[in-house]
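An overview of the molecular structure
Read off the chains here:
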Amino acid sequence: MVFDMHLNSLWTANVQTLWEDDVHPHYVMRCYAEFTASLILLNVDYGDGFHWKITSRFWTKDRRRSGANLLFLYTYLPSPSNKLDLNLERLRMAIDNLLVRLANLFPKQKLQTVFLINNYNMTIAVLKAEAVLDGVKIRMQFEELLKDNTAIFVLRTQALAQNGQ
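Residues numbered from 1 in each chain as written. Predicted model: local features only at pLDDT ≥ 70, side-chain atom pairs only at ≥ 80, totals over all residues. Heavy atoms only, no water.

**Brief notes about helix α3 (residues 27-43)**
Worth spelling out the cut-off: Counting from the N terminus, the helices are the DSSP runs of H or I reaching at least four residues and the strands are the DSSP runs of E reaching at least two. Expected helix span is taken as 1.5 Å per residue step, with the number of steps being one fewer than the number of residues. Each residue's exposure class comes from its accessible area (1.4 Å probe, protein chains only) as a fraction of the maximum for that residue type: buried when under 20%, exposed when over 50%, partly exposed otherwise.
With 17 residues, α3 ought to run about 24 Å at 1.5 Å a step, and its terminal C-alpha atoms sit 24 Å apart, in line with that. When α3 is considered as a whole, its buried residues turn out to be Val28, Met29, Tyr32, Ala33, Thr36, Ala37, Leu39, Ile40 and Asn43.

This is how it looks when you write it as structure tokens:
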């Protein structure tokens with residue numbers, strides 16, 4: 001119930017009151033990143049969300065020693081209980097919607113794109129620092145958004161340079 005109220009506040013947020021004429025990462029996005037990382041870290045021991053699982057074990061012969069080594073192959077798998085993943089995805093969609101609405105308030109497309117790039121980059125940095133391995137799925141989604149917006153920025157910059165602007 002509290003989580004749904006939080007989601008609703010993101011979907012219905014008044015962007016006019018949240019908007020700042022600054023392309024630096026927005027404080028709401030920072031709160032989202034920290035909150036998401038916290039949820040992931042708190043749920044690691046409860047089996048929610050994605051986790052690393054040993055999927056193969058095999059022995060290797062060590063030529064330098066007279067023994068063998070046991071190696072493990074780990075695979076990143078969704079857990080049977082995907083409630084956390086579903087809620088994190090709902091949260092990601094809500095914050096991305098808010099972020100795009102905030103970006104659309106900038107008068108120039110270049111500023112909109114830079115604002116998105118800065119926010120996505122900050123979010124990735126927080127998830128890398130705090131959530132280590134268990135935030136991989138969410139981090140990859142933001143890395144894709146970052147890559148797409150960086151490509152848009154480069155194309156727009158090249159087009160302006162060719163037009164002599």
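**Quick notes on the environment of Gln16**
By the element assignment, Gln16 lies in helix α2 (residues 15-18). Looking at Gln16, the relative accessible area reads 55%, which means it is exposed. Along the backbone, Gln16 and Arg101 are 85 residues apart, and their C-alpha atoms lie at a distance of 9.6 Å.

**Examining the nonpolar core**
What counts here: Residues enter a nonpolar core if they are buried and are Ala, Val, Leu, Ile, Met, Phe, Trp, Tyr or Cys, with the set joined through side-chain atoms within 4.5 Å. For this analysis, residues touch if any pair of their heavy atoms sits within 4.5 Å.
Core analysis: the largest hydrophobic core is formed by 35 residues, its most contacted members being Met29, Tyr32, Ile95, Leu98, Tyr120 and Phe142. Residue assignment for this core shows that the elements contributing at least two residues are α1 (2-11), α2, α3, α4 (83-103), α5 (109-130) and α6 (136-162). In terms of residue count, the dominant contributor to this core is α4 (nine residues). Sequence-distant contacts of Met29, defined by excluding residues within four places in its chain, comprise Ile95, Leu99, Asn119, Tyr120, Met122, Thr123 and Phe142.

**Overview of the pattern of salt bridges**
Applied cut-off: A side-chain nitrogen of Lys or Arg and a carboxyl oxygen of Asp or Glu constitute a salt bridge if their distance falls within 4 Å.
Under the criterion given, the structure shown has five salt bridges. The partner of Glu34 in a salt bridge is Arg30, and the shortest N-O contact between them spans 3.1 Å. On the criterion of helical spacing, the pair formed by Glu34 and Arg30 is a turn pair, its members being four residues apart in helix α3. With relative accessibility at 28%, the residue Glu34 sits in the partly exposed group. Taking the shortest distance from any N to any O, the salt bridge between Arg139 and Glu143 comes out at 3.6 Å. In this pair, Arg139 and Glu143 are both assigned in helix α6, four residues apart and thus about one turn of the helix distant. Using a relative accessible area of 15% as the deciding quantity, one classes Arg139 as buried. In this structure Glu143 comes out as partly exposed when scored by relative accessible area, which is 29%.

**Quick word on the packing of aromatic side chains**
Describing an aromatic ring pair means giving the distance of the ring centres and the angle of the ring planes. Quick note on the threshold: For this analysis, a ring pair means two rings from Phe, Tyr or Trp (six-membered ring only for Trp) whose centres lie within 6.5 Å, classed as stacked if their planes differ by under 30 degrees, edge-to-face if by over 60, and tilted for the remaining angles.
In total, this model carries five aromatic pairs according to the counting rule given. Centroid distance Trp19 to Phe106: 5.4 Å. Interplanar angle 70°. Geometry classified as edge-to-face. In this pair, Trp19 sits in the loop between α2 and α3 while Phe106 sits in the loop between α4 and α5, placing the two residues 87 residues apart along the sequence. Accessibility expressed as a relative area gives 2% for Phe106, which makes it buried. Ring centres of Phe106 and Phe115 lie 5.2 Å apart, and the angle between their planes is 45°; this geometry places the pair in the tilted category. Relative accessible area serves as the criterion here: at 1%, Phe115 is assigned to the buried category. Clustering of aromatic rings is evident, with ring pairs tying together Trp19, Phe106 and Phe115.

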